Amino acid sequence: MTIIKSAEVIVTSPGRNFVTLQITTEDGTTGLGDATLNGRELAVAVYLADHVIPLLKGRDAMNIEDTWQYLYRGAYWRRGPVTMAAIAAVDMALWDIKAKVAELPMYQLLGGQSRTGALAYGHASGRDTEELHDSIRANLEAGFKAIRVQSGIPGADSVYGVHSNAPTADAPATPAGARASRVLPEVETWDTRAYLRHVPTEIESVRHEFGAELPLLHDAHHRLTPREAAQLGRSLEPFDLFWLEDVTPIEDPTALRYVREHTTTPLAIGEVLNSVHDYQTLVTERLVDYVRSAVTHTGGITHLKKLADFASIYGVRTGFHGPTDVSPVGQAAHLHLDLALHNFGIQEYMIHSEATAEVFETSFRFEDGLLHPGERIGLGVEIDREAARRHAYEPGYLPVARLHDGSVHDW
Ligand code: GCO
Ligand code: MG
């Protein structure tokens, strides 16, 4: 029987917080879904426990599309990161169950393998040029064939995405710094002019040191006006970026019209979007080259597949969001999609900590710069409930950015 018998929310913090939904059917098949929303984790946990789980019991686990529409349209209050992360967790868990019932790795249900593996990019960063180059070398040694480059800015104490740690399982980079025992968010100071002056010089130094072939990416984290973004895109054109990410704030997709008119640097956007509808202007006007949503924040496999298929009609490719705040369950779901989708572009891959790997045991492998979900049936992830219990939830916040005059800026 594939009738849903029970569902449970598991909150654990092996190095950082994760919210996981486990659904069990009457015949004892279990499925896992990721519901982690960095810095706002418990909102999704409560949404699932109080508003979604009571609706799941007794439903046929096989009817994934119907359950998706039931939770989305049935709520009336649709979209938004909390709702879409909750629906995503249910959706992933149901695909996991369906693939287990079919005794197939999940990508087989999406049409099978379109490639031998998904090109992954790692995160390199440094407070200065030397540290940045060392971090790139560490990424190359770890097997990455594409690298995101973030650097410190002279005069700024801390900058988004810059860590002194190498991307190893022992010392994983943490993008958001959401785990903190402090009560209030960390405050970073931001200076756009210094950033616009400095970043091109760092990327030039990287091209000089590492050659023309290595695909390089950079994330501006929504901090620029369209004119500033156009300036940055233009100044980076000689260095042939794979993509420039999230240049302008997400609320106004039409801001990218100006950027597009002024630079040929490829653009990626979307990690904070959570619906295919959010992409209508971006995709139909071809304002971006890559869509960046995460399966965890965009309604799961069902909805992300719709986004990818919509984008494919316009020649836009995928670059799913894969920081460590997407759990190994969410990342596994990405890898199944990456393998199957024809318009796959690249996959972000931040290696989870060893503590995380003890809680979530995965089947995915990273070989020769490519990620593969493995051949285990379902999504290929098992959760160790005992290990999960050993890591209690820790409240934490993402940092906040302020300008030199004290006013709040986009972080
Ligand atoms: C990325 C993202 C992350 C976000 C983080 C917020 O490109 O990986 O920008 O680093 O900041 O996911 O929780
Ligand atoms: Mg980003």
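Up top you'll find the structure we're talking about.
So, how was this worked out
Residues numbered from 1 in each chain as written. Chains lettered and ligands numbered in written order. Predicted model: local features only at pLDDT ≥ 70, side-chain atom pairs only at ≥ 80, totals over all residues. Heavy atoms only, no water. Axes fitted to C-alpha atoms, helices over the stretch in contact; angles between N-to-C directions. Helix = DSSP H or I, 4+ residues; strand = E, 2+ residues; numbered from the N terminus. Parallel < 35°, antiparallel > 145°, perpendicular 65-115°, else oblique. Contact = heavy atoms within 4.5 Å. Nonpolar A, V, L, I, M, F, W, Y, C, P; charged D, E, K, R; others polar. Pairing = 2+ DSSP bridges. Left-handed = near helix turned anticlockwise from the far one by under 90°. Expected span 1.5 Å × (residues − 1). Buried < 20%, exposed > 50% of the residue type's maximum accessible area, 1.4 Å probe, protein only. Core = buried A, V, L, I, M, F, W, Y, C linked by side-chain atoms within 4.5 Å. Domains from an automatic or database assignment. Donors = N, O, S within 2.8 Å, 3.2 Å for Na, K, Ca; no water.

Can you lay out the packing of helix α2 (residues 64–74) against helix α9 (residues 300–313) for me, pointing to particular residues and giving the numbers?
At a closest axis distance of 9 Å, the pairing of α2 and α9 adopts a crossing angle of 90°. It follows from the interaxial angle that α2 and α9 lie roughly perpendicular. Of the residues in α9, those touching α2 at Ile64, Glu65, Trp68 and Gln69 are Thr302, His303 and Lys306. When its residues are assigned to classes, the contact of α2 with α9 shows two nonpolar, three polar and two charged.

Mind laying out the sheet that holds strand β2 (residues 18–25), listing which residues take part and the relevant values?
Spatially, three strands are ordered β1-β2-β3 in an open sheet, and the strand pairing comes out antiparallel. With one partner strand each, in any of the chains shown, β1 (4–12) and β3 (30–34) form the two edges of the open sheet. Pairwise comparison of adjacent strand axes, ignoring direction, gives a mean angle of 20° for this sheet. Bridge count for β1 against β2 is eight bridges, and the pairing is antiparallel. When the bridges of β2 are listed, Val11 appears paired with Val19. Running over the sheet, helix α3 (residues 81–102) touches β1, β2 and β3 and is turned about 145° from β3.

Run through the packing of α9 against helix α10 (residues 328–340), naming residues and quoting values.
The axes of two packed helices give the description: the angle between them and the distance between them. Running from N to C, α9 and α10 point in directions that differ by 40°, and their axes come no closer than 11 Å. Of the possible angle classes, the one that applies to α9 and α10 is oblique. As for the relative orientation of α9 and α10, their crossing is right-handed in sense. Seen from α9, the contacting residues are Ile301, Leu304 and Lys305; seen from α10, they are Ala333, His334 and Leu337. Partitioned by chemical class, the residues of the contact of α9 with α10 number four nonpolar, one polar and one charged.

Explain α10 to me, using residue names and the numbers behind them.
Since the α-helix turns once every 3.6 residues, residues separated by three or four places project in the same direction. For α10, spanning 13 residues, the distance from its first C-alpha to its last is 19 Å, which sits close to the expected 18 Å at 1.5 Å a residue. Within α10, 13 of the 13 residues are buried, which leaves the element mostly enclosed by the surrounding structure.

Tell me about the environment of Ala43, residues and numbers included.
With respect to the helices, strands and loops of the structure, Ala43 is situated in helix α1 (residues 41–56). Put simply, Ala43 and Tyr160 are 117 residues apart on the chain and 25 Å apart in space, counted from C-alpha to C-alpha.

Please give an account of the nonpolar core that cites residues and values.
Judged by nonpolar contacts, the single largest core of 112 residues is most densely connected at Ile23, Leu48, Val90, Ile136, Tyr195, Leu256 and Ile301. Ranked by the residues each element gives to this core, the list is headed by α3, at 13 residues. When we break this core down by domain, the ones giving at least three residues each are domain 1 (4–105) and domain 2 (110–377). Not counting chain neighbours up to four residues away, the residues in contact with Ile136 comprise Ala124, Ile147, Val149, Val206, Phe210 and Leu214. One finds Tyr121, Leu217, Tyr290 and Ile346 within the second-largest nonpolar core, a separate group that totals eight residues.

Tell me about the coordination of the magnesium ion (ligand 2), and please be specific about residues and values.
Donor atoms from the polypeptide that coordinate the magnesium ion (ligand 2) comprise Asp219 (OD), Glu245 (OE) and Glu271 (OE), at 2.0 to 2.2 Å from the metal. Here the donor residues of the magnesium ion (ligand 2) are spaced in sequence according to D-x25-E-x25-E. Within this pair, whereas Asp219 is found in strand β7 (residues 216–219), its partner Glu271 is found in the loop between β9 (267–269) and α8 (280–284), the two being separated by 52 residues in sequence. Asp219 gets classed as buried once you look at its relative accessible area, which sits at 2%.

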